[in-house]
Amino acid sequence: RNSPAMLELLAKERIVAEPGFNRWKVPPASVAIHLCIGSVYAWSMFNPPLTMTEGVVASAASDWSLKEVVWIFTVAIVFLGLAAALAGRWLEKVGPRMVGTVAAICWGGGFVIGGAGIHLHQLWLVYLGYGVIGGCGLGLGYVSPVSTLIRWFPDRRGMAAGMAIMGFGGGAMIGAPLKDFLIRTFYRAPDYLGPIDEVSLTTESGKRFAEVAGQLREVVVVGANDVAGMIMPGPQGVYVTGTGSVGVAETFLVLGGLYFIVMLIASFSYRIPAADWKPEGWTPPDEVQSSKKMISAHNVDIDQALRTRQFYLVWIVLCFNVTAGIGVLGVAKTMMTEIFATTLPDIVDGQFAATYVLMISVFNMVGRFFWASASDALGRKTTYTIFFVLGIMLYLSIPWAADRVSASPAVTWLIVFYAATMIIFTMYGGGFATIPAYLADLFGAKFVGGIHGRLLTAWSTAGVLGPLAITTLRERAMRNAIDRLAQTIDRARFSEAFGASVDQLDTLVAQKTVTIGRLMEIAPPGTVDPSSSLYNSTMYLMACLLFIALIANVMIRPVDSKHHLAGD
C-alpha cells in the first residue's frame, strides 16, 4: 500500500523546480553524493589491513594477497561502468532523486556486506558487497547529478560537469583520514611472544610456528624492515597469528551507515529545471561561435550516438586516460611505502603514505574543477591534448626518480615523485570532469546523461586494465628481485633466518615467509634494495597508453548531420 506513495515521492515530476528557483542550490547535493562515493579513490587505505587480517602486524600464510585485495577495487569500478551504462536511459525517465536513493542503498549496503565478509574471512562476500553491490551504487550515484547540472548550467557546461564530478575526486580527501582514524580506533594488537632471538621457531611447509601454552601456533615475524608497514607502531619480534584485529571490518560497517544517511539526504535535495527553462539573460551561441570550439547546436539520440565514430574515439580517450591513473590509485599507499620507506625511513612511514593518499584526493578534486572550467575557454579537444602530452612526460619521470632515490637516497627524488604524481592526478580528475561537456559539445545536451552512462563502460574496462597491469607487473618484478637477492645471500645464513633452505624458496615466498624486506636484512653490505624499481615497467606502459589516447583525441571531428535528431 505504501509502495506507490514512496515511488511518487521519488518521481521526477515531484522535483521540477518552481519559477525563480536559484540554480546554485543544486550543486551542494551533487557534491555531497560524490564525496561519499568518491571515497572509493581512498581504497588503497584498505590494502595494508586487508592483507593482514589474520597476521595483523604482517601478512600470515592465510591472508589475502595484494592482488586479490586490489581486485575488489577493480570489480567495484567494473560495476560502476556497467550500472552507469544501463541506468542512463532510466535516469532520463525517472529523474535523479530515484536514482540517487537507489545509489545510497547499494553503496551503504555494499559496505555492510563487505564488512561481514571481512569479519568471516570470506573474500567472495567482500567482492559481492563492496565490489558488485557497492559498484552499482557507485555507477548510479555518479551519473545522477551530471545531466542535471549540465541542464542547469547550459552557459557553463565545463564548469557544471566539474562541479558535478568534483566531489568524486575529493571523496578520498575526507575518506582517507576517516578510514585511517576508524581503522586505528578499532585496531587491536595481536599477542606478542617476544624478540625473535628469544622465541624458538620451527618452519613447516613454508609457515613459521612457535609453542604457545604447550600448543604449536602459527606466528608471523616482524623484522626491522617490516616495522614501517605496521598499521600501529609495535616492537620487532614474533606475534601469534589469529589474535588481535586490524579494525577494517568495523570500519566498513560504520562507513556503510554514514554514507547511506548522507546520500539519502542529498538525493531528496535534487531539483531539475522545467523543459523550457534557460538562465536569465542567456541566449544559446550561434553556429559560428559553436563551431570554433566544436560545439554542436544539435542533439543526437542515445542509441544513435553509439553508431558514430566520435563515440568510440572519445571512449578510447577516456579509457586510456583512466587506465593510466587508476592503477596507481589502487595501490597508492603501498607504492609510496615500497619505493621510499626503506630509502627515506625517517620521512616516509605509514602516516606519510596515508597523507599521500589524502593529497591525491585534493589534487584530483582541484583538477576536476580547474580543468573542466578551463576547457570552457580552451575547448575540450585542446584540453585533452594537454593532458596526454604532459602526462607522457610525467609518467616517464617516475621510474627515473625511483631509480635515483635507490642509488642515492635524497628528499629531492621524493619531491620529484610527489610533484609528478600530483600533476598527473589533476589531469586524471580533469579528464573525468571534462568528458560530459565534451559529449554535450559533440552530441548535444538533451541525452548527455544517457550517452555519458554508456561511455562509462570505458571506466569499467580501465578498472580492469589498470590494476591488472600494475599488480601483474609488480608481482613479476618482485619475484625477479627476490630471486636475484636470494642468489647473493649465503645459504647457511638463509637457512638460519628462515628455518629452511634456499631450495624451498618458492614455498617460502608463497607462504609470505620470505619477502624483499626480510632478505635485505641478511643481504651482504652494499646491496641495493630493489623495492623502488617495482613499478618502473608499469609507468612505461602507462606512457604508451597515453600516446594512443593522444592519437584518438586528434582524430575527433564534429558529428555528421545525418546523426542529428529529425527536426532538431
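Bear in mind the structure is a predicted one, so any value in this text is a computation, not a measurement.

J.: Just checking my understanding: could you explain the overall build of the chain for this structure?
T.: Helix and strand counts for the chain stand at 22 helices and five strands. With the C-alpha coordinates of the chain rotated into their principal frame, the extents come out at 85 × 55 × 35 Å. For the chain, buried positions account for 57% of its 568 residues. Taking the intrachain contacts of the chain between residues at least 6 apart in sequence as the baseline, contacts between residues at least 24 apart amount to 82%. For the chain, the exposed surface amounts to about 22000 Å²; the carbon and sulfur share of it is 62%.

J.: How should the packing of aromatic side chains be read in this particular structure?
T.: Within a pair of aromatic rings, the relevant descriptors are the distance that separates the centres and the angle that separates the planes. If you walk through the whole model with that rule in mind, you get 32 aromatic pairs. The interplanar angle of 25° and the centroid separation of 6.4 Å between the aromatic rings of Trp 107 and Tyr 259 together place this pair among those described as stacked. Here Trp 107, found in helix 5 (residues 96–120), pairs with Tyr 259, found in helix 9 (residues 248–267); they are 152 residues apart in sequence, far enough to count as distant. Taken individually, Trp 107 and Tyr 259 each receive the classification buried, so the pair is uniform in this respect. Taken together, a centroid distance of 4.9 Å and an interplanar angle of 70° make the contact between Tyr 142 and Trp 459 edge-to-face. Of this pair, Tyr 142 sits in helix 6 (residues 123–143) while Trp 459 sits in helix 18 (residues 457–488), and the two are 317 residues apart along the sequence.

J.: Got a minute to help me understand the packing of helix 5 against helix 9 in this structure?
T.: Any two packed helices are characterised by the angle at which their axes cross and by the distance between the axes. Relative orientation of the contacting elements helix 5 and helix 9 amounts to 175°, with a least axis distance of 8 Å. What the angle tells us is that helix 5 and helix 9 run roughly antiparallel.

J.: Teacher, can you tell me more about the side chain of Asp 529 here?
T.: Topologically, Asp 529 is positioned in the loop between helix 21 (516–520) and helix 22 (536–554). Here Asp 529 occupies a buried position and makes no salt bridge, while the nearest side chain of opposite charge, Arg 484, is found at 9.7 Å. Within the structure, the side chain of Asp 529 is placed 2.7 Å from the side chain of Ser 531, a separation counted as a polar contact. Once residues within four sequence positions are removed from consideration, Asp 529 is found in contact with Thr 342, Ser 406, Ile 516 and Met 520.

J.: I would appreciate a short explanation of the sheet that holds strand 5 (residues 237–240) in the present structure.
T.: Adjacent strands of a sheet pair through backbone hydrogen bonds, lying either parallel or antiparallel. Here five strands make up an open sheet; going across it, the order is 1-5-4-3-2 and the pairing antiparallel. Each end of this open sheet is capped by a strand with a single partner; those strands are strand 1 (192–194) and strand 2 (201–204). The average undirected angle you get between the axes of adjacent strands in this sheet is 45°. As defined by bridge partners, strand 3 (residues 207–212) adjoins strand 4 (residues 215–222) across four bridges and the pair is classed as antiparallel. Of the residues in strand 4, the one forming a bridge with Phe 209 is Glu 218.

J.: What's the story with empty space enclosed by the protein in this structure? I'm lost.
T.: Overall, the coordinates contain two cavities of 30 Å³ or more when judged by the stated rule. For the largest cavity, the calculated volume is near 70 Å³. Lining of the largest cavity is provided by Asn 321, Ala 324, Gly 325, Phe 387, Phe 388, Gly 391, Tyr 395, Ile 424, Met 427, Tyr 428 and Leu 546. Only helix 12 (309–330), helix 15 (380–407) and helix 16 (411–443) provide two or more residues apiece to the lining of the largest cavity. When its volume is computed, the second largest cavity comes out at roughly 50 Å³. Lys 12, Leu 91, Glu 92, Gly 95, Pro 96, Ser 147, Thr 148, Arg 151 and Ile 272 are the residues that line the second largest cavity.

J.: Help me understand the state of the cysteines, please; the structure alone is not making it clear to me.
T.: Each disulfide is one covalent bond, formed between the sulfur atoms of two cysteines. Applying the stated rule across the entire model yields zero disulfides. For the unlinked cysteine Cys 106, the closest cysteine sulfur is that of Cys 136, found at 5.9 Å.

J.: For this particular structure, what's the right way to read a nonpolar patch on the surface?
T.: Residues Leu 378, Ile 386, Val 389, Leu 390, Met 393 and Ile 423 make up a contiguous nonpolar surface patch of about 460 Å² in total accessible area. No other element matches helix 15, which puts four residues into the nonpolar patch. Among the structural elements, Ile 423 can be located in helix 16.

J.: Got a minute to help me understand the pattern of salt bridges in this structure?
T.: Two side chains with opposite charge may pair up if their charged atoms get near one another. Under the counting rule described, the total for this entry stands at nine salt bridges. Between Arg 380 and Asp 376 there is a salt bridge whose closest N-O contact spans 2.8 Å. For Asp 376, a relative accessible area of 25% corresponds to the partly exposed category. The network of salt bridges with common partners includes Asp 376, Arg 380 and Asp 441.

J.: Please clarify how the environment of Ala 42 should be interpreted in this entry.
T.: Mapped onto the secondary structure, Ala 42 falls in the loop between helix 2 (27–37) and helix 3 (47–50). The buried category is assigned to Ala 42, whose relative accessible area is 0%. For the pair Ala 42 and Leu 565, spaced 523 residues apart in sequence, the C-alpha to C-alpha distance is 42 Å. Not counting chain neighbours up to four residues away, the residues in contact with Ala 42 comprise Ala 172, Gly 175, Ala 176, Lys 179 and Val 357.

J.: In this structure, what is going on with the nonpolar core? I would like to understand it.
T.: Side chains of a nonpolar character, in soluble globular proteins, are inclined to be buried together. Phe 168, Tyr 395 and Trp 459 are the most contacted members of the largest nonpolar core, which totals 176 residues. Filtering out sequence-adjacent residues up to four positions away, Trp 459 remains in contact with Tyr 41, Ile 77, Leu 80, Tyr 142, Phe 168, Val 322, Ile 326, Tyr 428 and Phe 432. One finds Val 199, Ala 210, Val 219 and Val 238 within the second-largest nonpolar core, a separate group that totals five residues.

J.: Explain the environment of Ile 415 to me, please; I cannot follow it from the model alone.
T.: Tracing the chain through its elements places Ile 415 in helix 16. Overall, the relative accessible area of 52% leaves Ile 415 in the exposed class. Taking the C-alpha atoms as reference, Ile 415 lies 9.1 Å from Ala 401; in sequence the two are 14 residues apart.

The rules behind each value
- For every chain, the first residue of the written sequence is number 1, and numbering continues from 1 along that sequence.
- Confidence filtering applies because this is a predicted model: local features only for residues at pLDDT of at least 70, side-chain atom pairs given and counted only at 80 or more, and all residues used for totals across whole chains, interfaces and linings.
- Water and hydrogen atoms were dropped before computing side-chain values, which therefore reflect all heavy atoms in the structure.
- By definition, any uninterrupted DSSP run of H or I lasting at least four residues is a helix, any uninterrupted run of E lasting at least two residues is a strand, and each is numbered from the N terminus.
- Exposure categories follow from relative accessible area, calculated using a 1.4 Å probe and restricted to protein chains: below 20% of the type maximum is buried, above 50% is exposed, and the middle band is partly exposed.
- Should any heavy atoms of two residues lie within 4.5 Å, those residues are counted as being in contact.
- Working definition of accessibility: Shrake-Rupley area with a 1.4 Å probe, residue cover restricted to the visible protein chains.
- Only Phe, Tyr and Trp rings take part, Trp by its six-membered ring, and two of them pair if their centres are within 6.5 Å. Stacked means planes under 30 degrees apart, edge-to-face means over 60, and tilted covers everything else.
- All axes here are fitted lines through C-alpha atoms, helices being fitted over the stretch that makes contact, and every angle between N-to-C directions spans 0 to 180 degrees.
- Any angle from 65 to 115 degrees is called roughly perpendicular, while one under 35 is roughly parallel, one over 145 is roughly antiparallel, and all others are oblique.
- The convention is simple: Lys and Arg are positive, Asp and Glu are negative, and His and the chain ends are not counted.
- For salt bridges, the criterion is a side-chain nitrogen of Lys or Arg within 4 Å of an Asp or Glu carboxyl oxygen.
- Nitrogen and oxygen atoms within 3.5 Å of one another constitute a polar contact, given that in protein one can donate a hydrogen and the other can accept it, and given that sequence-neighbouring residues count only through two side-chain atoms.
- Between any two strands, pairing holds if DSSP finds at least two bridges.
- As defined here, a cavity is a set of points on a 1 Å grid over the protein atoms alone where a 1.4 Å probe fits but cannot get out. A pocket is an open set with protein on both sides within 12 Å along at least five of seven lines, and residues line them when an atom is within 4 Å of a point.
- Grid points are joined across faces, edges and corners, and a volume is the space filled by probe spheres set on the points.
- Throughout, a disulfide means two cysteine sulfur atoms within 2.5 Å of one another.
- What goes into a patch is any residue over 30% in relative accessible area without a salt bridge, connected to like charges within 9 Å or, for nonpolar side chains (Val, Leu, Ile, Met, Phe, Trp, Tyr), within 5 Å.
- Here, the term nonpolar core denotes a set of buried Ala, Val, Leu, Ile, Met, Phe, Trp, Tyr and Cys residues that are joined through side-chain atoms within 4.5 Å.

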